Protein chains: 4
Amino acid sequence: MIQIGIIGAGRIGKVHCESIMRYVKGATVAAMADPFINEQTEEWIRQIGVPRIERDYRKLLDDSSIDAVLICSSTDTHAQISLEAIAAGKHVFCEKPIDHSVEKILQVRDALVGKRLCYQVGFNRRFDHNFAAVRTAIADGKIGDLNVLRICSRDPQAPPVSYIRVSGGIFLDMTIHDFDMVRYLSGDEIESVFAAGGVLVDPAIGDAGDVDTAVVTLRLRSGALAVIDNCRRSVYGYDQRAEAFGALGQVAISNDTSSNAVLSDAHGVTAEKPLLFFLERYMQAYVAEISDFVRCIERGEPAPVGIEDGLQAVRIGLAAKRSLETGRPVALSEIEGE
Amino acid sequence: MIQIGIIGAGRIGKVHCESIMRYVKGATVAAMADPFINEQTEEWIRQIGVPRIERDYRKLLDDSSIDAVLICSSTDTHAQISLEAIAAGKHVFCEKPIDHSVEKILQVRDALVGKRLCYQVGFNRRFDHNFAAVRTAIADGKIGDLNVLRICSRDPQAPPVSYIRVSGGIFLDMTIHDFDMVRYLSGDEIESVFAAGGVLVDPAIGDAGDVDTAVVTLRLRSGALAVIDNCRRSVYGYDQRAEAFGALGQVAISNDTSSNAVLSDAHGVTAEKPLLFFLERYMQAYVAEISDFVRCIERGEPAPVGIEDGLQAVRIGLAAKRSLETGRPVALSEIEGE
Amino acid sequence: MIQIGIIGAGRIGKVHCESIMRYVKGATVAAMADPFINEQTEEWIRQIGVPRIERDYRKLLDDSSIDAVLICSSTDTHAQISLEAIAAGKHVFCEKPIDHSVEKILQVRDALVGKRLCYQVGFNRRFDHNFAAVRTAIADGKIGDLNVLRICSRDPQAPPVSYIRVSGGIFLDMTIHDFDMVRYLSGDEIESVFAAGGVLVDPAIGDAGDVDTAVVTLRLRSGALAVIDNCRRSVYGYDQRAEAFGALGQVAISNDTSSNAVLSDAHGVTAEKPLLFFLERYMQAYVAEISDFVRCIERGEPAPVGIEDGLQAVRIGLAAKRSLETGRPVALSEIEGE
Amino acid sequence: MIQIGIIGAGRIGKVHCESIMRYVKGATVAAMADPFINEQTEEWIRQIGVPRIERDYRKLLDDSSIDAVLICSSTDTHAQISLEAIAAGKHVFCEKPIDHSVEKILQVRDALVGKRLCYQVGFNRRFDHNFAAVRTAIADGKIGDLNVLRICSRDPQAPPVSYIRVSGGIFLDMTIHDFDMVRYLSGDEIESVFAAGGVLVDPAIGDAGDVDTAVVTLRLRSGALAVIDNCRRSVYGYDQRAEAFGALGQVAISNDTSSNAVLSDAHGVTAEKPLLFFLERYMQAYVAEISDFVRCIERGEPAPVGIEDGLQAVRIGLAAKRSLETGRPVALSEIEGE
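Residues numbered from 1 in each chain as written. Chains lettered and ligands numbered in written order. Predicted model: local features only at pLDDT ≥ 70, side-chain atom pairs only at ≥ 80, totals over all residues. Heavy atoms only, no water.

Participant: Just to check I follow, could you spell out the pairing of strand β1 (residues 2–7) of chain D for this structure?
Facilitator: Looking along a regular strand, one sees side chains alternate from face to face of the sheet. Residues and elements named next belong to chain D. Taken across its six residues, β1 has five buried, putting it largely inside the fold. Pairing geometry for β1 and strand β2 (residues 27–33), over six bridges, is parallel. In the sheet register, isoleucine 7 faces β2, and the bridge partner there is alanine 33. For the handedness criterion, the β-α-β arrangement of β1, helix α1 (residues 11–23) and β2 is classed as right-handed. Pairing of β1 with strand β4 (residues 68–71) involves four bridges; the strand directions are parallel. In the strand pairing of β4, isoleucine 4 is matched with alanine 68. (Buried < 20%, exposed > 50% of the residue type's maximum accessible area, 1.4 Å probe, protein only. Helix = DSSP H or I, 4+ residues; strand = E, 2+ residues; numbered from the N terminus. Pairing = 2+ DSSP bridges. Right-handed = clockwise from strand over helix to strand, strands pointing away.)

Following this line, the structure appears as structure tokens:
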């Protein structure tokens, strides 16, 4: 039974906690740590069966009975805690992004060298049934050589501006999942990035120095093109689609709904809206990613989404950011960490 | 150039007139006849380019320059006019049903014996792209031996009760198209019929001695089952679907719409309603059926939908009527005309 | 923590065991009993964490620490074990059908009178997200008064003929779910039944005295009509659809798939087949039905699917059987147990 | 009856000829002119009922009985013939693009000043039912302010390299339709263009100095973004889709098929491929655009797609071309003709 410590008891920390306690075989949450934990959360944690709650995550790192930690704290602490956890010999599952700075990610990468530790990054979409079907179709040659990959990702509503300010910007916070999907689905690496963006949802997002709507064009090493469009607000729910077009065909995925019921009445023929947001949409993927993490620890195998994946997604995000700032395409080679 | 006379200037007469004058190659409407024609209709006929209007259809039958007539008058006149037209050596296209009485249809059939005349019955759905796709799939063996055929046919709104009274009842007026579709799609004949019905749309229809909602189960000679469900009123438009299920698969058709646009908004994901009614839905089929009729005249070939098809559909309708009246399944052999 | 004993360690017994141990909050499987249990199954049961295995189910009934039993044994034992379990003061979850005989079901019903016990019947589709959406739409008045209800249910492959022989026939074994769905979705009771059937899949099924394909028409008390079509074999997978049509509109559900990926290539535009069979399709429903059973025990509430539901579905099945045998519609009042 | 002369008897000239002779009310083709016409084409023209065939288009311009000309000759002659036709007082329908040079288009624009002539450009997609539904939804405020517009346009197969060489490149030949759609659907003008492209279909296209696959990002004056993806070869047929996303929702159109039949079998659930190419997909649009042209002539109204629309689409195409050449976004103001 793998003993897991969760660092950070915010929304995503609780998601993982519940998923491990209820659905992940072979693992249990031995402890949760959060300096700002409140009574309500403490009660929630106890009720779900976690026996130990700490303020200081170092208590978890110092506990030799804990095999692995999940880093679910704020982004600015990910790299530092990663380093300490690796030093303490813990397997690490780190939420995305590892850091906004390539340098810090490289430090984590260096720290891992020679260690037989699993280090997994929280790109949950890699564990989703729909995206997996696209990857399988491509990998199995069903569409032949890839020509164009289109990804659409829209959130149901924008986060608070206070969050936007520390988020690292849309590309490192939101598009980073899509950048990872481009790499994952294509099995290829990115050569250059052109990003266009606008403030069309909320001027306050613009005041915070970010855009809320973006279209990013990426050139892959194979010469294929990828295009991502994002928006921070979609009134019809969480929009998560992808389409891969190649020499022999095209494979596309659409949104999941809570039922496939269709109502035909005087107003039209109406299906359900997409599932509301990431918890509804990706719950099974969260379970699957931690299950895989646990399995890799058990078997001594490398994590299915490793430090390199975490690094590359951030580099692409930084290239997109620079492209938006300069108004020109940016080669990935311009970004350190190659 | 085939010279056509149209008998009856009601709705379906005008549909055929317009379709011939605008879309049917190799034919023209030489004259229209209707005893109750009004000024507005006369003007409409002239404007569309028909050179001659008569009150008495016999003028058209007497005119040797007219090659063929379309019988679009009320049902109770179809058989009589058919007989006169055949006697006059005209090719005949007769709207459905030929008659409510098998005996009269048999008289028409007898009259055709030995004549080299095209006699076509107006089962327009046989010329529809969707229904044709089902037939082709079955005929090509795509679903293997047929097990179950389901047909759904719902009108957007019930006709006036005055019409219901002379319509022959729902089975001879509305379901007759579906009975023909069962024969056409399956390529098989009907053995027995069980009809259930109810008055769920309008009590006035019940007062007129008819039902407005029906489910009819048919056993085919092969042993396959067919089930038809009808309703006189569908608030979302004209509902025209079919599904054939067999040993190797299933083929299904759904409704056509005026565009495939889908709106996703706070209320749901909404597509367009089906096309409103038969004029919108089957306009191309009306053109195709008359084009085929003209081609068969030109080539001296038998009509694609003949007197036998007209006869069988009426026999099935009469069996359904008797089933509803008696509350038991009725073998087709119980109905005269075998 | 509700202590559950499972009687019968066949396929469905194991499904419930796994679902309780992994997903059902507030309950645990305290013991499993099966006279024919083998080593492999014993190991499976222990590994999933069930502490006790018995040959004789009476050991479970005698154990006062066990609150409830799940009857997953063969159908011919359901009523007898139900009676014994009720006598022992256990809450009971009984797989469908309770029995092929109305008399025996009535004995169980009588035994429950005055007892504060939950008695739930295993109509899992009532806990399915798609069917629930249809019921909600109807209950919320979205389609107005019901006119026609269509249910299609096709299994991917026929069970062994040895099973067919003891199954009670297609109507008590397979269609019984659809009969329950007609009652559940419509919120109405059945007045009469007409069943047509054929042996189109496998002559051996006919030799065993059953049909493999059926179309059943039901008249509801409201006057609405329902039509069910079944087949024992569908090459494209488990086909589970329903459509309710009423005065204000229609609501329809289609099949679930393992992903919504669509491949467009030189052959066409291809989506995935429906989920293979009931385990894949209804796993969440199995979890939900037991979760509800447990909640009702905890709260002292009546079961969401009670003895009356189990009784009526069997009565409808028997009416269908008699209809097929006699070739005429059968009123439900002809079947004892009203 | 508007008398029309068609200049150019190639594929698109014949499409217009047939559509006018068969479907366009109030107009007839009085003559066709083509210097390279062969016997087979001459016969085709006569058979369809066109009374006059010329080698020299000037014969048509000199004929005062001809009201309007359709310029369907090669692109390099469009502007010159336009000028001559305008000078001769003819209404003009000119196939796209008017010219590859802005200067020449401006000459045509100048020539039209003060003339009461209809000058229409052949952007047929403006007359398509699906694209019209998107425009209507946007114009009616169904999706609120536009945020992102996505257009996908893929041809079933690349034209011969000899055609590619004189085509002006993918942006002026193929994407020009999509550029027009961005303006038409959004009701807005373009501010800047970034084009990425690659040679992924056929190296010979690269050798001819063109790309065969492209992703173009456009910034609109409102700040909204548009993204077009094109490919010269799609094995599953002509792919013509669009999606407009805004503050209140999203509207999307997909491909049309020859029937909506869906086959479920052991391989999956398969719908038909999109209609093969532009003749199949846009035939009704060709009829509608000429019908509108004729109506505008009759009523003395300006053409629904005018010289300005022809000019702007070419300017956007030239900006895309420059963007591809320079690897940077190009402001539309950099292109002459503002």
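Now that the structure is up, let's keep going.
Participant: Got a minute to help me understand empty space enclosed by the protein in this structure?
Facilitator: Scanning all chains against the criterion turns up one cavity of 30 Å³ or more. Of the volumes computed, that of the largest cavity is approximately 60 Å³. Arg150(B), Ile151(B), Val227(B), Ile228(B), Asp229(B), Arg150(C), Ile151(C), Val227(C), Ile228(C) and Asp229(C) are the residues that line the largest cavity. Where the lining of the largest cavity is concerned, the elements lending two or more residues are β7 (146–154) and β10 (225–231) of chain B together with β7 (146–154) and β10 (225–231) of chain C. Here the lining of the largest cavity is composed, by residue class, of six nonpolar, no polar and four charged. (1 Å grid on protein atoms, 1.4 Å probe; cavity = no way out; pocket = protein on both sides within 12 Å on 5 of 7 lines; lining within 4 Å. Points joined across faces, edges and corners; volume = space filled by probe spheres on them. Nonpolar A, V, L, I, M, F, W, Y, C, P; charged D, E, K, R; others polar.)

Participant: So what exactly am I meant to see when it comes to the interface of chain C and chain B here?
Facilitator: As a measure of interface size, the accessible area lost when the parts come together is often cited. Chain C puts 38 residues into the contact, and the matching count from chain B is 38 residues. For the pairing of chain C and chain B, the buried interface totals around 2900 Å² over both sides, and the portion due to carbon and sulfur atoms is 61%. Contact with chain B buries area across many residues of chain C, yet Arg150(C), Leu200(C) and Phe245(C) alone supply 19% of it, more than any other trio. Summed over the shared surface of chain C and chain B, the number is six salt bridges. For Glu243(B), the salt bridge is made with Arg154(C), and the minimal N-O distance between the two is 3.0 Å. Per-element tally for the side of chain C that touches chain B: the top contributor is β7(C), with six residues. Across the side of chain C that touches chain B, the residue classes tally to 19 nonpolar, 10 polar and nine charged. (Contact = heavy atoms within 4.5 Å. Buried area = accessible area lost by both parts, 1.4 Å probe. Salt bridge = Lys/Arg side-chain N within 4 Å of Asp/Glu carboxyl O.)

Participant: Looking at this structure, how should I read the sheet that holds strand β5 (residues 91–94) of chain B?
Facilitator: In a beta sheet, neighbouring strands pair by backbone hydrogen bonds and run either parallel or antiparallel. Residue and element names in this part refer to chain B. Read across the open sheet, the six strands follow the order β3-β2-β1-β4-β5-β6; overall the sheet is parallel. Only two strands of the sheet have a single partner each, and these edge strands are β3 (53–54) and β6 (119–121). The pairing of strand β4 (residues 68–71) with β5 spans four bridges and is classified as parallel. When the bridges of β5 are listed, isoleucine 71 appears paired with cysteine 94.

Participant: Could you clarify how one ought to interpret the packing of helix α9 (residues 175–186) of chain D against helix α12 (residues 307–326) of chain D in this entry?
Facilitator: Axes are the key here: two packed helices are described by the angle between their axes and the distance separating the axes. Residue and element names in this part refer to chain D. Taken N-terminus to C-terminus, the directions of α9 and α12 make an angle of 120°; their axes are 9 Å apart at the nearest point. As α9 packs across α12, the resulting crossing turns out to be right-handed. Residues Ile176, Phe179, Asp180 and Arg183 of α9 form the contact with α12, whose participating residues are Asp309, Gln312, Ala313, Val314, Ile316, Gly317 and Ala320. (Axes fitted to C-alpha atoms, helices over the stretch in contact; angles between N-to-C directions. Left-handed = near helix turned anticlockwise from the far one by under 90°.)

Participant: Could you clarify how one ought to interpret the packing of helix α4 (residues 75–87) of chain C against helix α5 (residues 102–112) of chain C in this entry?
Facilitator: Residue and element names in this part refer to chain C. At their nearest, the axes of α4 and α5 sit 9 Å apart, and the two run at 10° to each other. Here α4 lies roughly parallel to α5, going by the angle between them. The segment α4 lies against α5, with Ala79, Ser82, Leu83 and Ile86 engaging Lys104, Gln107, Val108, Ala111 and Leu112. Among the residues forming the contact of α4 with α5, the class breakdown is six nonpolar, two polar and one charged. (Parallel < 35°, antiparallel > 145°, perpendicular 65-115°, else oblique.)

Participant: Help me out: how do you make sense of the sheet that holds strand β6 (residues 119–121) of chain D in this one?
Facilitator: Residues and elements named next belong to chain D. The strand order β3-β2-β1-β4-β5-β6 describes an open sheet built from six strands, whose pairing is parallel. The strands lining the two open edges of the sheet, one partner per strand, are β3 (53–54) and β6. Here β2 pairs with β3 via two bridges, running parallel. Looking at the pairing, methionine 32 lines up with isoleucine 53 of β3. Packed on one face of the sheet, helix α4 (residues 75–87) meets β1, β4, β5 (91–94) and β6 and runs near 165° to β5.

Participant: What should I look at first to understand helix α1 (residues 11–23) of chain C in this one?
Facilitator: Taking 1.5 Å of rise per residue, 13 residues should cover 18 Å, and α1(C) covers 18 Å from first to last C-alpha, within 8% of that figure. Of the residues making up α1(C), those classed as buried are Ile12(C), Gly13(C), Val15(C), His16(C), Cys17(C), Ser19(C) and Ile20(C). (Expected span 1.5 Å × (residues − 1).)

Participant: Sorry if this is basic, but what is going on with the relation of the copies chain C and chain B here?
Facilitator: Each of the two chain copies goes to the other by way of a rotation about an axis and a shift along it. Mapping chain C onto chain B calls for a rotation angle of 180° and an axial translation of 0.0 Å; the resulting RMSD is 0.1 Å. Both copies are brought into coincidence by an operation consistent with a two-fold rotation axis. Minimal C-alpha separation from the rotation axis in chain C is found for Arg328(C), amounting to 2.8 Å. When the interface residues of chain C are mapped onto chain B, 100% of them are again interface residues, pointing to one common binding face. (Least-squares fit on C-alpha atoms with pLDDT ≥ 70 in both.)

Without other data, these values stay purely geometric and don't point to any function.
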